[in-house]
Amino acid sequence: MDTGRRIFVALLAGLAFLALLPLETNAQALTGVLAGTVKDPQGLVLPAAVVRVTSSALMTGEAQMTSSDKGQWRFPVLPPGQYVLTVQLAPRFAPYREELSIGAGQTLELPVVLQLAGVTESVNVDANSTINSRETGLETRFGPDYFRTIPSRRFSMFDAIRSTPGVSPTSPASGTVNTVSVFGSGVNENGFLIDGTNFTCPCLGVSRAEPIVDVIQELHVQSMGASVEYGNIQGGVINAVTKQGGARLAAETSYYGQPSSLTAQPVVLAVKGGTQPTSGYERVRYRDFTASLGGPLKRDRLWFFGAYQYLRDYDSQPGADPAFPRKYEQNKVFGKLTWRLTPSMQLVQSFHEEIWVNPTLPTLATPFEATQRVHASVPSMTFANLTHVLSDRTVWEGRVGRFLFHQDWDPSSGDRTDTVPSR
């Protein structure tokens, strides 16, 4: 056997050996890990305690296990969401209950101390009071409460990304420019993920697919210390984890609008050759409508979730002719299926399509005739995100996805001749 072949065989043997090793799953992109140890008030471990987590994020509503002979328990794959943890070891000990939040990629360790029965009926612990999160580097998480309560321009997830410590936007005042620097990195050195699938543009390093703001369950920004699979990314890793259907059919709609009468005009400039002598900032139209629907297709086996967003934002800058505003438009469609193939195997599929129009801005120096109507379509698909739980400490996960990006630059006026300068 020649040297090259021996090296190849040795490499295959090494990979096979590594595949058989039990690996901890504290770097899962879409799910979290909740683990702990059950003890009595004297610090002795308690085996055979019934540990249960319940949440609307779980397809079956709850997961249950018993603590080991060392008092240890571990749930290796939990979708992001709000959970209730209960621990029982009757009749000697009182029940334990705690409410907590689990994020994507988190590993939370929770020491549970059971009190003797008769001392108290049950023990309720404030949320996250004794959780130790084992995380490396610097990361920031934005949950559904943030997106519901914090005002944003709703163009994309970048209003949240820009507020992350260490992130510097290149155009802070723009609602559409999405280039950011993370702790001094280049704007093309970041990684953007939707449900763990990479949708980073290979040419510019920007996010080419951005989910509807109302479908984001959690936005995870890893500013420093990303895990090894992102070793070629020198900036931040941004992962948008989307919502999924629940055990009950549920729908949600939202509408936002802004009339010109509620928009201030702090600066008014003369319009050269326009339809009126002066103009300020003109809010011509702002309409934002979002609808979503989710629920079970087959109980405890298949969930679905779908959403649509209609956004129209027409405005005009001071000194520009308000008869020819910039017309920013977005249409986004999102769909997701979550399959429970077996008790230990889950498959997630999703589709995201966005069609947008983002014209260059008419200004005092650049009239409407010299601007371009930039429009694009970005269909993106996660064909399969398969997670298989082999044991409480061994999980393997694989993803296959793709996206397409098609963009055109047309003259805003429709005139394709070369008579207009600066176009």
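Parameters and conventions
Residues numbered from 1 in each chain as written. Predicted model: local features only at pLDDT ≥ 70, side-chain atom pairs only at ≥ 80, totals over all residues. Heavy atoms only, no water. Phe/Tyr/Trp six-rings, centres within 6.5 Å; stacked < 30°, edge-to-face > 60°. Helix = DSSP H or I, 4+ residues; strand = E, 2+ residues; numbered from the N terminus. Buried < 20%, exposed > 50% of the residue type's maximum accessible area, 1.4 Å probe, protein only. Contact = heavy atoms within 4.5 Å. Salt bridge = Lys/Arg side-chain N within 4 Å of Asp/Glu carboxyl O. Pairing = 2+ DSSP bridges. Polar contact = N/O pair within 3.5 Å; in protein donor to acceptor, adjacent residues only side chain to side chain. pLDDT = per-residue confidence, 0-100. Core = buried A, V, L, I, M, F, W, Y, C linked by side-chain atoms within 4.5 Å. Patch = residues over 30% accessible without salt bridge, like charges linked within 9 Å, V, L, I, M, F, W, Y side chains within 5 Å. Areas by Shrake-Rupley, 256 points an atom, 1.4 Å probe, with all protein chains shown as cover.

Colleague: I'm lost on the packing of aromatic side chains in this one. Help?
Modeller: By convention here, two paired aromatic rings are described through the distance between centres and the angle between planes. Summed over all chains, the structure comprises 7 aromatic pairs. Note on phenylalanine 158 and phenylalanine 192: the rings are 5.7 Å apart at their centroids and 45 degrees apart in plane angle, and the pair reads as tilted. Of this pair, phenylalanine 158 sits in helix α3 (residues 158–162) while phenylalanine 192 is found in strand β13 (residues 191–194), placing the two residues 34 residues apart along the sequence. Phenylalanine 158 gets classed as buried once you look at its relative accessible area, which sits at 2%. For phenylalanine 192, a relative accessible area of 2% puts it in the buried group. These aromatic residues form a ring-pair network of at least three members: Phe142, Tyr146 and Phe147.

Colleague: Whenever I open this one, the environment of phenylalanine 183 confuses me. Can you help?
Modeller: For phenylalanine 183, the position within the fold is in the loop between β12 (180–182) and β13. Taking C-alpha positions, phenylalanine 183 is 5.1 Å from glycine 166, a pair spaced 17 residues apart along the chain. Ignoring any residue separated from it by four or fewer positions in sequence, one finds phenylalanine 183 in contact with Leu138, Pro165, Gly166, Ser223 and Met224.

Colleague: Looking at this model, I keep getting lost on the pattern of salt bridges. Mind explaining?
Modeller: Two side chains carrying opposite charge are able to pair once their charged atoms lie near each other. Per the counting criterion, the structure on display carries 10 salt bridges. The partner of arginine 141 in a salt bridge is glutamate 218, and the shortest N-O contact between them spans 2.8 Å. Within this pair, whereas arginine 141 is found in strand β10 (residues 138–142), its partner glutamate 218 is found in strand β15 (residues 216–224), the two being separated by 77 residues in sequence. The exposure class of glutamate 218 is buried, given its relative accessible area of 7%. The partner of aspartate 145 in a salt bridge is arginine 148, and the shortest N-O contact between them spans 2.2 Å.

Colleague: Teacher, can you tell me more about the sheet that holds strand β14 (residues 197–198) here?
Modeller: Working definition: the strands of a sheet are paired by backbone hydrogen bonds and lie parallel or antiparallel to each other. Pairing in this open sheet of 5 strands is mixed, and the strands run β10-β15-β16-β13-β14 from one edge to the other. Among the strands making up the open sheet, the edge pair consists of β10 and β14. Sheet topology note: the β13/β14 ladder contains 2 bridges and is antiparallel. Its bridge partner lying in β14, leucine 193 is registered against asparagine 198.

Colleague: Would you explain the environment of glutamine 258 in this entry?
Modeller: Within the secondary structure, glutamine 258 is located in the loop between β17 (250–257) and β18 (269–270). Glutamine 258 sits in the partly exposed class, given a relative accessible area of 26%. In this view, glutamine 258 contacts Thr263, Arg283, Tyr286 and Arg287; residues no more than four positions away in its chain are not counted. Within polar-contact distance, the side chain of glutamine 258 engages the side chain of threonine 263 at 3.0 Å.

Colleague: Can you help me understand unusual backbone geometry in this one?
Modeller: Peptide bonds are trans in most cases, and residues, glycine excluded, mostly fall at negative phi. Following alanine 90, the chain continues to proline 91 via a peptide bond in cis, the omega torsion being 0 degrees. Mapping proline 91 onto the fold places it in the loop between β5 (81–88) and β6 (96–102). A positive phi is found at alanine 48, a non-glycine position, where the angle reads about 65 degrees. With respect to the helices, strands and loops of the structure, alanine 48 is situated in the loop between β1 (32–39) and β2 (50–54). Positive phi outside glycine occurs at aspartate 300, with the angle close to 60 degrees. Turning to its location among the elements, aspartate 300 is positioned in the loop between β20 (282–298) and β21 (302–316).

Colleague: It is not clear to me how the confidence of the model for the chain should be interpreted in this structure. Could you clarify?
Modeller: Atomic detail in the predicted coordinates should be set aside for any region of low pLDDT. Here the chain averages 85 in pLDDT, while 87% of its residues score no lower than 70. Taking the mean pLDDT of every element in the chain, the minimum, 48, falls on helix α1 (residues 3–20) and the maximum, 96, on β2. In the predicted structure, residues 14–28 sits below a pLDDT of 50 and forms 22 contacts with residues beyond four places in sequence or in another chain.

Colleague: I would appreciate a short explanation of the nonpolar core in the present structure.
Modeller: Side chains of nonpolar character tend, in soluble globular proteins, to be buried together. Core analysis: the largest hydrophobic core is formed by 24 residues, its most contacted members being Trp73, Leu85, Val87 and Leu114. Contributing elements (two or more residues each) for this core: β1, β2, β4 (72–78), β5, β6 and β7 (107–113). For leucine 114, the contacting residues outside a window of four places in its chain are Val38, Lys39, Asp40, Pro41, Leu46, Val87, Leu89, Phe93, Ala94 and Tyr96. In terms of nonpolar packing, the next biggest core, distinct from the first, is built from 16 residues, Phe147, Ile161, Val180 and Leu219 among them.

Colleague: Before we go on, may I ask you to explain a nonpolar patch on the surface in this structure?
Modeller: On the surface, Tyr255, Phe289, Tyr308 and Val333 cluster together to form a nonpolar patch covering roughly 370 Å² of accessible area. Of note, valine 333 is situated in strand β22 (residues 326–342). Judged by relative accessible area, which is 38%, valine 333 ranks as partly exposed.

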